[in-house]
Amino acid sequence: AGWPEDILFVKPNFVSKKKALHENLNGNKDYAVYVGRLSAEKGIEFLLSAWKNIDYPLMIIGDGPLLQNVKSSNCNNIIYAGFKSESEVDELIGSSKFLVMASTWYEGLPLVLIEAMANGKTSLNPNIGVMQSVVKDGKTGFQYVSKNKEDFVNKATLLFEDKTLLEEFSSSAFKEYSRKYTSEMSLQALERIYS
């Protein structure tokens with residue numbers, strides 16, 4: 001747009017830390033979690049189709065125009081939990097193995113990614129847009145090739161079956177959250193911009 005770069009700043013959103021890092025993942029329930037709008041651009045149809053090839057539960061939280069698709073999916077491993085309050089969502093993310101995103105469009109900065117990190121959870125998300133810079137592939141989580149079922153299924157299954165990898169990613173995700181996305185870090189970034 002012709003604006004000089006030196007006057008433009010990017011300050012990410014933040015999430016107040018609600019829970020300490022789950023040091024012991026043995027107590028977590030054996031499910032992945034999706035939280036969000038049940039709509040085409042969020043990749044719900046892709047998610048429902050791909051999850052038929054995964055032998056572990058997926059909890060879907062949310063509401064939207066594709067609600068009936070979720071309710072009528074013929075996948076025994078999908079649990080539809082409905083719309084939940086913020087505290088209920090936080091609890092369900094905290095009890096999960098990892099977060100799943102399937103967006104087919106370019107997100108701004110999905111707060112649910114940061115909420116998962118604040119709960120010491122890794123995530124599996126498509127390799128498009130800002131999600132690539134929030135989740136470091138192979139370090140704080142996995143990215144899969146957008147709309148590629150085989151890549152998605154392989155990485156989701158690996159997160160369920162490789163406990164060591166899951167713990168490493170989850171620990172790294174929490175450290176990344178602590179370094180970038182807390183309210184304290186957000187305030188410091190804002191003060192730097194103002195100064």
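Structure's up top.
It should be emphasised that the depicted structure is a prediction, and the values quoted were computed from it without experimental measurement. (Residues numbered from 1 in each chain as written. Predicted model: local features only at pLDDT ≥ 70, side-chain atom pairs only at ≥ 80, totals over all residues. Heavy atoms only, no water.)

Participant: Tell me about the nonpolar core, and please be specific about residues and values.
Facilitator: In this structure, Trp-51, Phe-98 and Phe-152 are the most contacted members of the largest nonpolar core, which totals 32 residues. For this core, the secondary-structure elements that each account for two or more residues are strand E1 (32-35), helix H1 (44-51), strand E2 (58-61), helix H2 (67-71), strand E4 (98-100), strand E6 (141-144), helix H6 (149-161) and helix H7 (163-180). Counting residues per element, this core draws most heavily on H1, at six residues. The contacts of Phe-98, once residues within four sequence positions are left out, are Tyr-31, Ala-32, Val-33, Thr-122, Leu-124, Ala-156, Leu-159, Phe-160 and Leu-166. (Core = buried A, V, L, I, M, F, W, Y, C linked by side-chain atoms within 4.5 Å. Buried < 20%, exposed > 50% of the residue type's maximum accessible area, 1.4 Å probe, protein only. Helix = DSSP H or I, 4+ residues; strand = E, 2+ residues; numbered from the N terminus. Contact = heavy atoms within 4.5 Å.)

Participant: Residue-level account of the pairing of strand E5 (residues 122-126), with values.
Facilitator: Of all five residues in E5, five are buried, a share of seventy percent or more. Two elements, E4 and E5, share three bridges in a ladder whose sense is parallel. Counterpart to Val-100 in the pairing with E5 is Leu-124. Direction of pairing for E5 relative to E6: parallel, over a ladder of four bridges. Looking across to E6, one finds that Leu-124 is bridged to Phe-142. (Pairing = 2+ DSSP bridges.)

Participant: Lay out helix H3 (residues 86-95) with the relevant residues and their values.
Facilitator: All buried positions along H3 are accounted for by Val-89, Asp-90, Leu-92, Ile-93, Gly-94 and Ser-95. Buried residues along H3 sit against E1, E2 and helix H4 (111-118).

Participant: Go over a nonpolar patch on the surface with me, naming the residues and quoting the values.
Facilitator: Among the surface-exposed residues, Trp-3, Ile-7 and Leu-8 lie close enough to one another that they form a single nonpolar patch of about 350 Å² accessible area. Tracing the sequence through the fold places Trp-3 in the segment before E1. (Patch = residues over 30% accessible without salt bridge, like charges linked within 9 Å, V, L, I, M, F, W, Y side chains within 5 Å. Areas by Shrake-Rupley, 256 points an atom, 1.4 Å probe, with all protein chains shown as cover. Salt bridge = Lys/Arg side-chain N within 4 Å of Asp/Glu carboxyl O.)

Participant: How would you explain the sheet that holds E1 if you had to name every residue and give the values?
Facilitator: Taken in spatial order, the six strands line up as E3-E2-E1-E4-E5-E6 in an open sheet, and their pairing is parallel. Either end of the sheet is taken by a strand with one partner, and the two such strands are strand E3 (78-82) and E6. Averaged over all neighbouring strand pairs, the angle between strand axes comes to 25°, with direction disregarded. Where H4 meets the sheet, its contacts fall on E1, E4 and E5, and the angle it forms with E4 comes to roughly 170°. (Axes fitted to C-alpha atoms, helices over the stretch in contact; angles between N-to-C directions.)

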